[in-house]
Amino acid sequence: MSARPETITAVEAAGETYKHGFVTEIDSEFAPKGLSEDIVRFISAKKGEPEWMLDWRLRAYRRWLTMQEPAWAKVDFPQIDYQDSYYYAAPKGFGTRPKSLEEVDPELLRTYEKLGIPLSERMLLAGVAVDAVFDSVSVVTTFKEKLHEAGVIFCSISEAVQDHPDMVKKYLGSVVPYADNFHATLNSAVFSDGTFVYIPPGVRCPMELSTYFRINAANTGQFERTLIIADKGSYVSYLEGCTAPMRDENQLHAAVVELVALDDAEIKYSTVQNWYPGDKEGRGGIYNFVTKRGLCRGRNSKISWTQVETGSAITWKYPSCILQGDNSVGEFYSIAITNNHQQADTGTKMIHIGRNTTSRIVAKGISAGASQSTYRGLVSIHPRAEGARNHTQCDSLLIGDKCGAHTVPYIEVRNPSAQVEHEATTSKLSEEQMFYCRQRGLDAESAVALLVNGFCREVLQHLPMEFAVEAQKLVGVSLEGSVG
Amino acid sequence: MGKAMLEIKNLHVSAEGQEILRGVDLVVNAGEVHAIMGPNGSGKSTLSYVLAGRPGYDITQGSIFYRGEDLTPLPPEARAAKGIFLGFQYPVEIPGVATMTFLKHALNAQRKWRGEEELDAMGVMKLVQREAGKLKISADMLKRPVNTGFSGGEKKRCEILQMAVLQPLLAVLDETDSGLDVDALRLVGDGVSALRTPDRAMIVITHYQRLLDHIVPDFVHVLSQGKITRSGGRELALELDREGYAGEQPPERIPARA
């Protein structure tokens with residue numbers, strides 16, 4: 001099942017040019033299945049990592065061996081056999097990838113057409129053509145040069161380990177320690193690649209940074225690691241688009257994202273997640289078990305998470321903010337859509353440590369088909385957090401009568417001056433609204449899309465423009481077939 | 001099928017197992033305005049819903065032909081695209097969707113269905129603003145979510161705005177006068193009257209005569225116990241206004257649906 005020799009040559013040539021490009025994808029074909037200390041060493045060696053990085057991975061691996069998979073989320077899935085996975089491999093062998101659009105599942109292509117993604121990108125997303133992969137590398141490179149002028153570092157985490165080791169050493173694991181939780185620890189041991197961003201003091205990043213073009217790397221890397229540092233007084237908006245399909249059996253995707261905002265810095269992190277959700281009967285799809293956490297370390301710093309979660313068989317993630325600096329602000333705006341047999345247990349944690357810290361949570365859950373959606377959120381006010389404030393709003397919308405929506409708020413207040421507010425609503429998509437829209441000429445699916453977009457409006461407003469358009473379309477596509 | 005725009009024959013309709021319409025006959029030609037009056041629970045709103053194709057209403061007997069075509073198998077959106085408009089008695093709130101956005105989606109869905117070119121945002125905005133001005137609907141109101149937080153009068157004016165923008169051939173207006181004060185009634189009534197054209201027909205459902213001062217009907221029908229019991233001209237409405245529906249027996253059980 002290995003790739004054709006000319007492909008390997010071509011990719012290796014490109015790998016030379018772009019250093020840590022995509023050559024690893026091909027090599028990965030030969031990595032053995034399963035997880036052991038040898039595999040961890042293998043991964044580290046492949047990347048030519050320094051000793052300290054390998055040590056960190058090994059510490060994580062040894063810790064992971066002592067840990068139990070958590071079971072508290074309201075999600076159901078068969079036991080994952082961690083020895084039955086590739087940790088340095090394309091989930092689907094290169095040789096078995098579709099070589100042309102004709103070999104790609106037509107339903108998948110129709111989805112892309114609906115999303116308005118141009119053909120070349122559709123090919124890229126389907127993992128079809130090697131030249132398309134090259135295209136995306138060059139795009140990233142163009143980005144890099146322009147950003148370099150502003151002093152922004154935007155590169156893969158593997159490059160950062162080589163080129164900016166002091167920063168990686170200082171910040172990697174500073175927000176999500178390697179022993180944090182089962183999946184994050186696994187990620188720490190075996191992370192394949194990811195993104196590193198550093199914004200120097202006082203710099204407003206001149207453009208939105210995006211991982212969208214590196215989707216093919218994500219396609220193989222089920223364990224990405226992202227680290228973003230906004231130095232004093234800087235600003236960055238980062239977009240993470242997971243529109244890559246995976247048509248395999250249930251697959252684990254355990255990424256870690258760490259954000260650090262220093263004094264007066266702001267990080268805006270937006271995600272549109274559309275991993276393969278499995279088929280209508282609930283076969284296949286991604287297990288998206290992700291740890292995302294931001295540290296507002298400096299005074300007046302701000303971290304804002306916006307997420308649109310429409311894909312994955314199971315979504316299990318809580319983008320969180322640790323509000324350590326005085327006057328720091330944490331925000332979480334979320335839309336979680338589940339259809340068919342999807343399950344989502346998602347929410348946020350707002351940890352108020354500093355004085356006058358504020359957090360705002362707006363979570364919109366939409367459940368259709370036989371899916372289950374849970375909002376789980378923690379608001380914790382520490383004793384020193386004088387004057388802390390939180391406002392939480394959770395709205396659930398049910399479509400049909402076989403789905404479920406659940407809200408599980410945890411509130412801990414250890415400072416009497418804190419103000420914490422929680423509002424929650426649950427409603428059903430009403431027959432009256434549907435009929436009203438249809439009477440005006442919208443078909444049932446367009447009506448659902450319009451009504452759900454209206455329901456999500458407050459959150460969609462927080463997405464950067466180009467993402468908002470994509471997200472609005474996705475909302476409609478994700479709910480197709482949810483009304484009779 | 002003749003040249004009638006709408007031809008209803010011996011129409012029997014049940015909802016939730018209860019028969020509400022019990023043999024309605026009605027012919028409406030282009031250019032005509034028909035008023036349908038009657039006591040509460042006589043089946044007026046049911047008739048409007050059946051014409052618009054609302055799910056949950058079963059036609060057990062009879063037929064509805066619209067412009068020579070059997071209407072009954074068509075879904076609501078197809079009927080809308082073919083020119084049937086229903087002005088709702090209780091316009092539905094759609095949070096988060098601006099009125100202008102809603103109208104753009106509705107208009108373009110209908111145009112697309114008919115094989116016409118869709119209008120761009122600017123084209124829709126111009127059209128909507130022109131019609132909104134006539135109904136004294138502000139630009140601010142067009143930005144607000146559909147019917148959300150609108151007063152009774154604003155909701156009804158917004159229904160007429162939608163009618164003006166969508167340009168239907170057959171407009172069914174269900175108790176458009178309910179909840180309106182005298183000024184709002186005049187505004188809505190004049191708005192509707194301005195939309196009378198030789199190729200457009202209207203069915204105006206109302207409880208009271210007062211709306212018909214503004215929208216003068218060509219025909220007046222009394223719907224009672226699921227049947228049209230009397231038909232006449234304008235004078236019938238005035239007579240009912242004086243004497244009430246006393247002569248028209250209410251049904252023994254008032255159906256649950258409005």
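The model shown is predicted, which means the values in this text are computed figures rather than measured ones.

**What about the overall build of chain B?**
Broken down by element type, chain B carries 8 helices and 10 strands. Taking 18 Å as the expected radius of gyration for a compact globule of 258 residues, we find that chain B reaches 18 Å, a close match to that expectation. Each of the three principal axes of chain B carries a C-alpha extent, and together these read 50 × 40 × 35 Å. Out of the 258 residues belonging to chain B, those deemed buried represent 55%. When the accessible surface of chain B is split by element, carbon and sulfur atoms take 50% of a total near 11,000 Å².

**What about the overall build of chain A?**
Across its full length, chain A carries 14 helices and 20 strands. Counting only residues that meet the buried cut, chain A has 61% of its 484 residues in that class. Split by element, the accessible area of chain A, about 18,600 Å² in all, is 50% carbon and sulfur.

**Quick look at the sheet that holds strand S3 (residues 33–37) of chain B**
All names here are of chain B. Here we have 6 strands laid out as an open sheet, ordered S6-S7-S8-S3-S9-S10, and mixed in their pairing. Both outer strands of the open sheet, strand S6 (84–87) and strand S10 (227–232), are each paired with one neighbouring strand and no more. Taking each pair of neighbouring strands and ignoring which way they run, the sheet shows an average axis angle of 20°. Those strands touched by helix H8 (residues 234–243) are S3, strand S9 (219–224) and S10, and its axis lies near 115° from that of S10.

**Structural notes on the layout of surface pockets**
Quantified by volume, the largest pocket comes out at close to 1,400 Å³. For the lining of the largest pocket, the elements supplying multiple residues, two or more each, are helix H13 (444–460) and helix H14 (465–478) of chain A together with helix H3 (99–113) and helix H4 (121–134) of chain B.

**Things to note about the confidence of the model for chain A**
Residues and elements named next belong to chain A. Averaged over chain A, the pLDDT score is 77; the fraction of residues at 70 or greater is 74%. Counting contacts from residues 212–221, a segment whose pLDDT is below 50, to residues more than four positions away or on other chains yields 41 contacts. In this model, residues 244–248 is a region of pLDDT below 50 whose contacts with residues beyond four sequence positions or in other chains number 25 contacts.

**A few points about unusual backbone geometry**
Residues and elements named next belong to chain B. Look at Asn147: it is not a glycine, yet its phi comes out positive at around 60°. Along the chain, Asn147 turns up in the loop between helix H5 (139–143) and helix H6 (152–166). If you check the backbone angles, Gln225 has positive phi at about 50° while not being a glycine. Locating Gln225 in the fold gives a position in the loop between S9 and S10.

**Points about the environment of Thr358 of chain A**
Residues and elements named next belong to chain A. For Thr358, the location among the structural elements is in strand S16 (residues 358–367). Accessibility expressed as a relative area gives 15% for Thr358, which makes it buried. Along the backbone, Thr358 and Arg389 are 31 residues apart, and their C-alpha atoms lie at a distance of 4.7 Å. When near neighbours in sequence (up to four residues on either side) are disregarded, Thr358 contacts Leu323, Ser328, Val329, Gly330, His352 and Arg389.

**Here's the deal with the sheet that holds strand S4 (residues 57–66) of chain B**
Residues and elements named next belong to chain B. Strand order in the open sheet formed by 4 strands is S2-S1-S4-S5, with antiparallel pairing between adjacent strands. The open sheet terminates on both sides in strands that have one partner only, identified here as strand S2 (18–28) and strand S5 (69–70). Bridge count between S4 and S5: 2 bridges; the pairing is antiparallel. The residue bridging Tyr66 from the neighbouring strand is Glu69, located in S5. Helix H1 (residues 44–52) contacts strand S1 (6–15), S2 and S4 of the sheet and is inclined by roughly 110° relative to S1.

**Description of the interface of chain B and chain A**
The interface of chain B with chain A comprises 30 residues on the first partner and 18 residues on the second. Across the chain B to chain A interface the summed buried area is about 2,000 Å²; carbon plus sulfur atoms make up 64%. Sorting the residues of chain B by area buried against chain A places Arg54, Glu77 and Val92 of chain B first, and these three jointly supply 27% of that buried surface. Across the chain B-chain A interface, the total number found is 3 salt bridges. Note that Arg438 of chain A is salt-bridged to Glu77 of chain B, the shortest N-O span being 2.8 Å. Here chain B is connected to chain A by 12 residue pairs in polar contact (both at pLDDT 80 or more). For the side of chain B that touches chain A, the secondary structure elements donating two or more residues are H1, helix H2 (76–81), S6, H3 and H6 of chain B.

**Points about the pattern of salt bridges**
Where side chains of opposite charge bring their charged atoms close, a pairing between them can arise. Inspection of every chain in the model, using the stated rule, returns 30 salt bridges over all chains. Asp395 of chain A is the partner of Lys364 of chain A in a salt bridge, and the nearest nitrogen-oxygen pair spans 2.9 Å. Of this pair, Lys364 of chain A sits in strand S16 while Asp395 of chain A is found in strand S18 (residues 389–398), placing the two residues 31 residues apart along the sequence. A salt bridge links Glu175 of chain B to Lys44 of chain B; the shortest N-O distance between them is 3.9 Å. Separated by 131 residues along the polypeptide, Glu175 of chain B in the loop between strand S7 (170–174) and helix H7 (182–193) and Lys44 of chain B in helix H1 bring together distant segments of the chain. Overall, the relative accessible area of 11% leaves Glu175 of chain B in the buried class. In this structure Lys44 of chain B comes out as buried when scored by relative accessible area, which is 5%.

**A closer look at the pairing of strand S15 (residues 349–352) of chain A**
All names here are of chain A. As defined by bridge partners, strand S12 (residues 320–323) adjoins S15 across 3 bridges and the pair is classed as parallel. Along S15, the bridge assignment pairs Leu323 with His352. Relative to strand S17 (residues 372–381), S15 is paired through 4 bridges, and the arrangement is parallel. In the strand pairing of S17, Met350 is matched with Val379.

**Remarks on the packing of aromatic side chains**
For any pair of aromatic rings, the description rests on two quantities: the centre-to-centre distance and the angle between the ring planes. For the coordinates displayed, the defined rule picks out 11 aromatic pairs over all chains. With a centroid separation of 4.7 Å and an interplanar angle of 80°, the aromatic rings of Phe289 of chain A and Trp316 of chain A are classed as edge-to-face. One end of the pair, Phe289 of chain A, is in strand S9 (residues 286–296); the other, Trp316 of chain A, is in strand S11 (residues 314–317), with 27 residues separating them in the sequence. Classification of Phe289 of chain A by relative accessible area gives buried; the value is 2%. Every member of this aromatic cluster is reached through a ring pair, and the members are Phe435 and Tyr436 of chain A together with Tyr49, Tyr57, Phe88 and Phe102 of chain B. Here the basic side chain of Arg57 of chain A rests over the ring of Phe191 of chain A, its NZ or CZ set 4.1 Å away from the ring centre.

**Quick notes on the side chain of Thr195 of chain A**
In this fold, Thr195 of chain A is placed in strand S2 (residues 194–199). Among the polar contacts listed, one links the side chain of Thr195 of chain A to the side chain of Tyr238 of chain A, at a separation of 3.3 Å.

**A look at the nonpolar core**
Judged by nonpolar contacts, the single largest core of 72 residues is most densely connected at Ile366 of chain A together with Ile203 of chain B. If one sorts the elements of this core by residue count, H13 of chain A sits on top with 10 residues. Apart from the residues lying within four places of it in its own chain, the contact partners of Ile203 of chain B are Leu6, Leu26, Val28, His34, Ile36, Leu51, Leu170, Ala171, Val172 and Leu173 of chain B.

Thresholds, definitions, all that
- Residues numbered from 1 in each chain as written.
- Chains lettered and ligands numbered in written order.
- Predicted model: local features only at pLDDT ≥ 70, side-chain atom pairs only at ≥ 80, totals over all residues.
- Heavy atoms only, no water.
- Helix = DSSP H or I, 4+ residues; strand = E, 2+ residues; numbered from the N terminus.
- Rg over C-alpha atoms; globule rule 2.2 N^0.38 Å.
- Buried < 20%, exposed > 50% of the residue type's maximum accessible area, 1.4 Å probe, protein only.
- Areas by Shrake-Rupley, 256 points an atom, 1.4 Å probe, with all protein chains shown as cover.
- Pairing = 2+ DSSP bridges.
- Axes fitted to C-alpha atoms, helices over the stretch in contact; angles between N-to-C directions.
- Contact = heavy atoms within 4.5 Å.
- 1 Å grid on protein atoms, 1.4 Å probe; cavity = no way out; pocket = protein on both sides within 12 Å on 5 of 7 lines; lining within 4 Å.
- Points joined across faces, edges and corners; volume = space filled by probe spheres on them.
- pLDDT = per-residue confidence, 0-100.
- Buried area = accessible area lost by both parts, 1.4 Å probe.
- Salt bridge = Lys/Arg side-chain N within 4 Å of Asp/Glu carboxyl O.
- Polar contact = N/O pair within 3.5 Å; in protein donor to acceptor, adjacent residues only side chain to side chain.
- Phe/Tyr/Trp six-rings, centres within 6.5 Å; stacked < 30°, edge-to-face > 60°.
- Lys NZ or Arg CZ within 6 Å of the ring centre and 35° of its normal.
- Core = buried A, V, L, I, M, F, W, Y, C linked by side-chain atoms within 4.5 Å.

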